[in-house]
Every structure is written in C-alpha cells, then in structure tokens.
Amino acid sequence: MLDLTLIPSSNATLPAAPFRARHLIDGRWLDSSDAAVTERVSPSHGVVVSRAAKGGKPEAEAAIAAARRAFDDGRWSQLSAKERAAVLLKVADLIEANVERMALLETLESGKPITQARGEVSGAADLWRYAASLARTLQGDSHNALGADILAVVLKEPIGVVSIITPWNFPFWILSQKLPFALAAGCTCVVKPSELTPSTTVILGELLVEAGLPAGTVNIVLGLGQPVGATLASDRHVDMVTFTGSTAVGKGIAAAASGTLKKVALELGGKNPQVIFPDADLESAADAVVFGVYFNVGQCCNSGSRIIVHADIAEAFTARVVELSRQVAFGDPLDPATQVGAIVSPEHGAKIDAYVAAARNAGATVALGGQPLTIPGLAAQFYQPTVVTNVTPDMPIAREEVFGPVLTVLTFRTLEEALTLVNDADYGLSAGVWSENVHTCLSFARGAQAGTVWTNTWMDGFPEVTFGGVKQSGLGREIGRYGLDEFTEIKSLVMRIGRTRTPWVRPR
Ligand code: NAD
C-alpha cells in the first residue's frame, strides 16, 4: 500500500442535467443536419456532463462560408481597433461573471481540480483584456527616406478567416491564447474544440453574442478531428489554421493546409527538461519539479517531465522529490483541497501505464507509483504519482511525451553534458535551469533549444510574454505582441509623389 495523500469523493452536487452544446454558425445555434451527438462522460465522476452536436463536413463548410462572408463584408475587420477592443473588454467582463459555471463544466469534462479550472477561466479573462489593449497598437512601418518623390508604408492587415482547433487539456485557456488575438487583428474565425471538452467553448459563444460581436465573426463547429478539423485545415476559403494539440495531428494539419498554402501556426507537444545544479535552492527546485510534473496530472504541453540532476546530488534530490510527491493531494476534482485530478480517458491511462511498464522492462527503477490509482468513492481513472530512475536517454519514457504524472530522472556532471541531454530531443517547447550562479543560468539559457527558458522557476507565464516551441514543438508564436502579429498579413504600399516617374517606353 502506497503512502499517498488522497482526497475521497466529497459527494459534491453534480449538474442536474447534461449541458447541451450546439454549433454556432452565422449567429444561430444549430444541431447537426443528421441530428448526430457525442456524449462526454466525466473522467472523474462517471456521469454524462455534456451532450454535443456532432458536426460533419456540411456544418464545417457552412461555418467557413459564414466566416468568409463576415470577413469580406468588413462587419468586423473594418471596425476601428477602438470598437473591436470595446467588444473584447465586454467579453472579458462576461467571462469573469461566468467563472463558476464554466469552471464546473471544465472540471467535469477534463478531470482537472476545480481550483485550477477557476484559475484557468479567470486567467483567460485577462488574456481577452490584454488582446483588447494590443488591438489599438496595430501599426506598420513608414519609409520616407526613399527619395523626395517616394513615400512607402508597410501595413499590417488581418489575415482573413482563421480556423482554430484546440485540445482538451486547457480548453478555455488555449482558446483564449488564440481567439481574442485573432479578433483584435480583425480576423473572423471558425473554432473547433476537442470533442472531449466542448462546453466552455460553447459558453464562450453565448458570451460573444451577448457582448455584441457581429454574427458570423466567430463560428463554432463541434465534432471530431475527422471530418470537422480536417475540413477546417484544408478548405480553400480559410486563410490560416492555428492548432494546439499533438505533434502527430499537427503534422497532418500542416500537410492538409499545404494544398492551399494557407498559413499554419502549431503549438505541439514537449518533453521539457529541468536541469538542477548542486548550488541551487534545492528545496525550491524540488517543489517546482513536483509542481511541473503533476500539474494537470502531467497532461500539460509544458509538463516538466524529465529532470536532469547533477550526479553529486541526484540521490538526495530524487528522495526529496519522492517525499514531496507523497504529499500532493490526488483525488476528487470537485474538492477544493485536491491538487491533482483524473486522467482524461481510459485509453490515455493505458498509454501512460504502458510507458512505465516498458521502462521497467528495460531496466529502469520505479522509485514511486507506477500503477493506476483508486480514489475512494470515485469509480474513474486516476494514476499514481510516479518517479522513474535509472533511466537512459534512449528509452521512450525519456524521449516521448507521456502526458501523465510520470517523472524521469537523468544525471549529468558538466553544463555541456546537461545541454547535450537537453537538446538531444525532437521537442523544444520549454526548458529550465536551477542554480544560484547567474553565469550558469545565462549560459544554459543561450544554449538550450527551447521556445521558453525558465531560470529558478517553472511555468510562470504572462499574457505579455510570447509563447511557442521550436523543433517539433511547433511553428509560430502565441500571446504577447508577436501573438497579435501571427494573425496579420503584411502589405507594402509604395506611392509616388508628383509626376516624377520616368517613362519606361522610349518614344520612337
Ligand atoms: P490531439 O492532437 O489529439 O487533438 C487536438 C485537436 O485536434 C482536437 O480538437 C481534435 O479533435 C483535433 N483533431 C484530431 N485529428 C484531427 C485531424 N486529422 N485534423 C484536424 N483536427 C484534428 O491532441 P489532444 O490529445 O487533444 O491534446 C494533447 C496534445 O496537445 C499533447 O500532445 C500536448 O502536448 C498538446 N498541447 C500543446 C500545447 C502547446 O501550447 N504547445 C498546449 C496544450 C496541449
């Protein structure tokens, strides 16, 4: 029997009936033409949380056509930035007024703790506010040193119709990393949430309508990746597709988009290392490692799923991580005391378990956990906090995204060796270093192949600070100033002043 901190079912009140989710197309709430639906069963409580329209190609095409019309007639794209910002600010207020309703559905659909769902939704309101402030900064360049008779300006224009495809792990946050920025730029959108977590996207649709967004500016199509997501990625009326999800699906989206050479932005997986030097504040580092690997049950693109510890301290540091892991509260996501909730699906739980079993068979040591977890009163899927040592860099558990509460431990002796381990990866989303020596931190930061580097912290993020990955972790950037630029197209305008142009055709 493992000595862990478990939170049993608190018998919290579940919603009386499943949330009914419909498509939002051209300002109208619609069921699918064939009346098909999907049901989401809560991974923590086993009840049906939502019943969502299951769209097909006709719904996807109708939504794209509505977004195209809305873009082309300028009902949103030609408003002033001030007018667009006013709507985004209203949406932020409405999100804040609906935090409880959205957090409950997000918790029940995803299995994440209610306190984290509340934080995700209210934090997302700030992304909407930040995007509103950025809207009014949209500007290009001017060139007035090209000669007395020439003036050129470089304009930033909205890119057009944007498809937004999102995953299940942070459904509302990830949508809010994209949608308000696309709207701030003047784009119109078609959104497809994950079939596992449709509800908060649909509630957002209600709030957009309430805030006065013109019909057709944001359309929502519910359903599976095939055919809905695939249509959004390939249709010739779409100008850009922005996707967050797995690297495998992301590659398929890039291939589907290549048929029309539309712009593609991808936020994909990670295998994010934290490197711990002996001179670090080791207590703070151990706490951050535990946070990094168990937050959202490790179902996090930024999961700090591999640590690389200096050999001199590896044994003691790992022992401290194991000790802290036992104190993290796993259990009923509806209980505010819970820090780690349920695994999103039985299939995903089996995948996590298979990685651990393969590592064990290959000679690794499971220092903690390594099994599914039973929570009293909840008949659903949980997984034990798991720490795996004696791992070699070639093992799949050290290289691939496990997406579960599973930490692997590697060791190093020199900064160069640590950086080689960090960079010997297909992914490059984020990386971290723990040391009191600023030279060590800066050398690490410059040498690590990652979109974000944290020094003496982990997963601190701000709307102002751009986020994205290198290598197979993605293409393009989100949030921050560059997050707005992603949704713009550059147009150069060259103007001649006066009749100074020399004729090309010579008179005969
Ligand atoms: P997924 O790739 O399975 O699905 C993501 C979305 O794509 C869903 O809406 C799904 O319906 C859709 N989809 C599936 N097949 C499709 C297809 N053929 N064409 C178009 N759309 C399709 O990912 P997931 O399991 O929902 O999420 C987990 C993954 O997301 C992890 O790999 C994680 O690292 C990644 N992720 C990355 C970030 C980031 O910012 N880098 C953030 C969160 C999650």
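Structure's up top.
Note that the structure is predicted; figures quoted are calculated from it, not measured.

A.B. asks: Would you mind showing me how to read the site of the ligand here?
C.D. replies: In the vicinity of the ligand, 27 residues are found, and the nearest of them are T166, E195, S246, L268 and E401. Here G245 contributes a backbone N or O atom positioned 3.3 Å from an oxygen atom of the ligand. S246 is positioned such that a nitrogen or oxygen atom in its side chain is 2.6 Å from an oxygen atom of the ligand. Coverage of the ligand by the protein chains reaches 86% of its 860 Å² of free accessible surface. At the level of secondary structure, the elements contributing two or more residues to the shell around the ligand comprise helix 7 (225-234), strand 12 (240-244) and helix 8 (247-258). No other element matches helix 7, which puts 3 residues into the shell around the ligand. The residue makeup of the shell around the ligand, split by class, is 14 nonpolar, 9 polar and 4 charged. Of the residues that make up the shell around the ligand, three or more belong to each of domain 1 (11-268 + 473-492) and domain 2 (273-455).

A.B. asks: What am I meant to see in the sheet that holds strand 5 (residues 37-41) here?
C.D. replies: The pairing of strands in a sheet happens through backbone hydrogen bonds and is either parallel or antiparallel. Judged by pairing direction, the sheet is mixed, and its 3 strands sit side by side in the order 2-6-5 without closing on themselves. Lying at the two open borders of the sheet, with one neighbouring strand each, are strand 2 (19-21) and strand 5. Direction aside, neighbouring strands of the sheet carry axes that sit 20 degrees apart on average. As judged from the 3 bridges shared by strand 2 and strand 6 (residues 48-53), these two strands associate in the parallel manner. Pairing of A21 across the sheet is with A52, part of strand 6. Helix-sheet contacts for helix 3 (residues 99-110) involve strand 2, strand 5 and strand 6, and the interaxial angle to strand 6 is about 95 degrees. Strands strand 2 and strand 6 of the sheet are contacted by helix 6 (residues 199-210), whose axis makes an angle of about 70 degrees with strand 2.

A.B. asks: In this structure, what is going on with the pairing of strand 19 (residues 378-383)? I would like to understand it.
C.D. replies: Successive residues of a regular strand alternate their side chains across the two faces of the sheet. The buried fraction of strand 19 is high, at 5 of 6 residues. The pairing of strand 18 (residues 372-375) with strand 19 spans 3 bridges and is classified as antiparallel. Residue pairing for strand 19: I375 is matched across the bridge by L378. Here strand 18 folds back onto strand 19, and the loop between the two strands holds 2 residues, one of which, G377, carries a positive phi near 85 degrees.

A.B. asks: When you look at the nonpolar core in this model, what are you seeing that I'm missing?
C.D. replies: The nonpolar side chains of a soluble globular protein tend to be buried with one another. Judged by nonpolar contacts, the single largest core of 69 residues is most densely connected at I276, Y294, F317, I397 and F444. Considering each element in turn, this core owes the most residues, 7 residues, to helix 9 (residues 282-294). For I397, the residues in contact, after removing those within four places along its chain, are K271, Y355, V356, A359, V388, V391, V402, V406 and T408. Judged by nonpolar contacts, the second largest core, of 63 residues, contains A85, L208, L484 and F487.

A.B. asks: Could you clarify how one ought to interpret the sheet that holds strand 27 (residues 488-496) in this entry?
C.D. replies: Strand order across the open sheet formed by 3 strands is 7-8-27, with antiparallel pairing between neighbours. What marks the edges here is a single partner per strand, and that holds for strand 7 (141-143) and strand 27. Going across the sheet, the axis of each strand differs from the next one's by a mean of 15 degrees, ignoring polarity. Here strand 7 pairs with strand 8 (residues 150-158) via 3 bridges, running antiparallel. If you follow S142 over to strand 8, its bridge partner there is V153.

Conventions we followed
Residues numbered from 1 in each chain as written. Predicted model: local features only at pLDDT ≥ 70, side-chain atom pairs only at ≥ 80, totals over all residues. Heavy atoms only, no water. Near = heavy atom within 4 Å. Polar contact = N/O pair within 3.5 Å; in protein donor to acceptor, adjacent residues only side chain to side chain. Areas by Shrake-Rupley, 256 points an atom, 1.4 Å probe, with all protein chains shown as cover. Helix = DSSP H or I, 4+ residues; strand = E, 2+ residues; numbered from the N terminus. Nonpolar A, V, L, I, M, F, W, Y, C, P; charged D, E, K, R; others polar. Domains from an automatic or database assignment. Pairing = 2+ DSSP bridges. Axes fitted to C-alpha atoms, helices over the stretch in contact; angles between N-to-C directions. Contact = heavy atoms within 4.5 Å. Buried < 20%, exposed > 50% of the residue type's maximum accessible area, 1.4 Å probe, protein only. Core = buried A, V, L, I, M, F, W, Y, C linked by side-chain atoms within 4.5 Å.

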